Each structure stands twice: as C-alpha cells, then as structure tokens.
Amino acid sequence: MGRSGGQGHQGALRAGGNLLAGLLLVGLTGCTSDGAARGAADASASGPPRRSASGAPAPSGTSAASTGTGTTGPGGGSGAASLVPELDERQQPRDRAGARALLARIVVDQDAFGPEVRRSSPFESDPDSWPVLGHDCVWRTEGLPPDVLATSTRQFHVPAADGRGRVRIHATVTVHRTREESGWETAHAMEEVLRCPNQVLRAGEELKGLWGASLYLGEQLNGWSEDAFSESGQWVGEGSGGPQRYLWSQGQFGPVTVAVAGKGADGVTEQTLNALVVQGTSRMMYRAGQVLGKVSR
C-alpha cells in the first residue's frame, strides 16, 4: 500500500504532513542560522525505533534526495527549498562500531528540548533490540534486523506541574548500512499506519486512530529531510488521564533515520507538543547533516 494506499484520506494526510513539514523546516532553519556556536556544540555532542525493512513499498533512494539538492518532488511539483546537504559517502560507517560512534554524535539529550525536560527511567533502550509490529497490531521486541547497524531510543519527560500532566518524549536514531535501507524503513512506517491505525504498545498502553503522511524532499513543504514521515492520533495508557494527543515525526538523511514521539497530557496544548517534537527532530537532522554531509568541517 505505502504512499499510494489510503487515497480516501489523502487530502487530510497531506495537510497534516504539510503542517509538520513546515514547522520542521522552520526548526531546522533555526539550527543552521545559529552560527558557529550551535554548530560547534552539535558537532562535538554526543524511543521506539522504526522498524523492519521487509514488505514495504519502494523507498526514495533514487529521488531528488539522492543528490541532496533537489527542490522538486517525484512528480515535478515545486516545493520548499532544500536545507539538506549533499551526502558525503566517505563518512558513512561500514561496521557496527562505526555506526555506534556516529549514533552518539547525532542522538540528543534533554537540553535539546528545553529547560523543563528531564531524563526518564529507564533512559536508554537496549541497543540490540528492535520493535516489530505483528499482524495482530501488537508491538513485540526482537533482535536487530540485518540492515540495521545501530539504534538507540532515549526517553524523556516534562514533569507534571501547575495543573499540567506529565508529557512523555521518545527520541530515536537508527543507522542503516545504506541510504536505500533507511528509505525502506520510512516506507514501512507508512505501511504500518495504514495496516494498523490502532496499535498496542504493551499491556495497558495503546495508540488509536493513527493517521500518517509521507513526503519526499522538495514535495510540498518538505525541505528538511530526504524522506519525511509523520503520524498522529491518540495515546491511552497508565497515567494518561484518558485519550491524549500522540505525535511521531521521522526524517531521513543518507543511512540515518531520526524520530521523535510525543505523548500529550491534560493541560498541554497541541502547539506545545508539536514544538517539543519539532525541536528534537530538527536538532538531530541538523547533527546528521553536519556529520554526514558535504559541509565545512
């Protein structure tokens, strides 16, 4: 199904994807316009990961993203100017040790989201685990698939205070062997939403009414990622106080995918949750470009 599936929802999906893409473009512009101070900090720095690369529609490996300079989508329509640098293939890791070192330079800590954000416990996922969505729409944990060299998910939260509930944030970085394999991950994520709009994360925790949108680089407002994917819906779980807003944003640069998930709470606006997700995703995309792109070093 993938990009061509779910055409009855296409207008709503594209509208939601455009909104988040526009916010991320602004966020990434903020990262790149901070000058040397932020660039130097990010270059020296250093939740659930997405998913198996099997059974998905074709990725964006040969689209305009392949050059890092495209400003039109596959259909030739004009879109946002690209902030994605050209990939420097010499910087791509060749083994797991190199991938783990790369991952450490991209993944963010709580300061990327703002002063109110704290680390959660447990903080970091098992580096050898990989969640897989079963045919019954229930998530299970398996070992790393062959195409993944390294992955990490970190968990954060904004503490409950002043009548506002606890906001949960998950930040994920995955390093694949090739750009094509990371594109398959993004394509498969879209297929999962179409196949399972209601998903069980674990006992007592569910996602409901999920919608997904996927945009190539240069398509509509996507000027920040070779292939951008977002999903939204409702999250229900222990301590949620009822259905809450859920948002996932995923981007791709070369062999790397980055993603941030946000789970809302009572007293938290949609704009606040969007801002947290955009801040984390744009910061990791900026770091990936600094490490893997043909930029000044």
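Here goes a summary of the coordinates provided. Given the structure is predicted, the values throughout are model-derived calculations rather than measurements.

## Examining the sheet that holds strand β7 (residues 205-216)
Judged by pairing direction, the sheet is antiparallel, and its 8 strands sit side by side in the order β1-β4-β5-β10-β9-β8-β7-β6 without closing on themselves. Each having just a single partner strand, β1 (118-124) and β6 (199-202) make up the two edges of the open sheet. Each strand axis lies, on average, 25 degrees off the axis of its neighbour in the sheet, ignoring direction. Looking at chain direction, strand β4 (residues 148-158) and strand β5 (residues 167-176) are connected through 10 bridges and run antiparallel. Looking at the pairing, A150 lines up with V175 of β5. Against the sheet, helix α3 (residues 96-106) engages β4, β5 and β10 (256-263), with an angle of about 25 degrees to β4. Across the sheet, helix α4 (residues 179-195) is in contact with β5, β6, β7, β8 (227-236), β9 (244-253) and β10; its angle to β9 comes to roughly 155 degrees.

## Points about the state of the cysteines
Across all of its chains, the model carries 1 disulfide by this definition. One disulfide in the model links C137 with C196; its S-S distance is 2.0 Å. Looking down the S-S bond of the C137 and C196 bridge, the torsion is -75 degrees, so its handedness is left-handed. You can see C137 sitting in the loop between β2 (129-133) and β3 (139-143) and its partner C196 sitting in the loop between α4 and β6, a full 59 residues away along the chain. A relative accessible area of 15% places C137 in the buried class.

## Quick notes on the pattern of salt bridges
A complete count under the given rule lists 11 salt bridges for this structure. The salt bridge involving R195 is made with E191; its shortest N-O contact spans 3.2 Å. Placement of the pair is R195 and E191 together in helix α4, with a separation of 4 residues, close to one helical turn. Of the residues examined, E191 reaches a relative accessible area of 12% and is grouped as buried. Two residues, E270 and R245, come together in a salt bridge whose shortest N-O distance is 3.2 Å. Of the two residues, E270 sits in helix α5 (residues 270-292) while R245 sits in strand β9, which places them 25 residues apart along the sequence. Residue R245 is classed as partly exposed on the basis of its relative accessible area of 29%. One salt-bridge network, in which partners are shared between bridges, spans R202, E205 and K263.

## A short note on unusual backbone geometry
The amide bond that connects S121 to the next residue, P122, takes the cis arrangement and shows omega of 0 degrees. When you line up the elements, P122 lands in strand β1. In this structure, D162 is a non-glycine residue whose phi angle is positive, near 55 degrees. Mapped onto the secondary structure, D162 falls in the loop between β4 and β5.

What counts and how
- Residues numbered from 1 in each chain as written.
- Predicted model: local features only at pLDDT ≥ 70, side-chain atom pairs only at ≥ 80, totals over all residues.
- Heavy atoms only, no water.
- Pairing = 2+ DSSP bridges.
- Helix = DSSP H or I, 4+ residues; strand = E, 2+ residues; numbered from the N terminus.
- Axes fitted to C-alpha atoms, helices over the stretch in contact; angles between N-to-C directions.
- Contact = heavy atoms within 4.5 Å.
- Disulfide = S-S within 2.5 Å.
- Buried < 20%, exposed > 50% of the residue type's maximum accessible area, 1.4 Å probe, protein only.
- Salt bridge = Lys/Arg side-chain N within 4 Å of Asp/Glu carboxyl O.

Coordinates in, geometry out; function isn't part of it.
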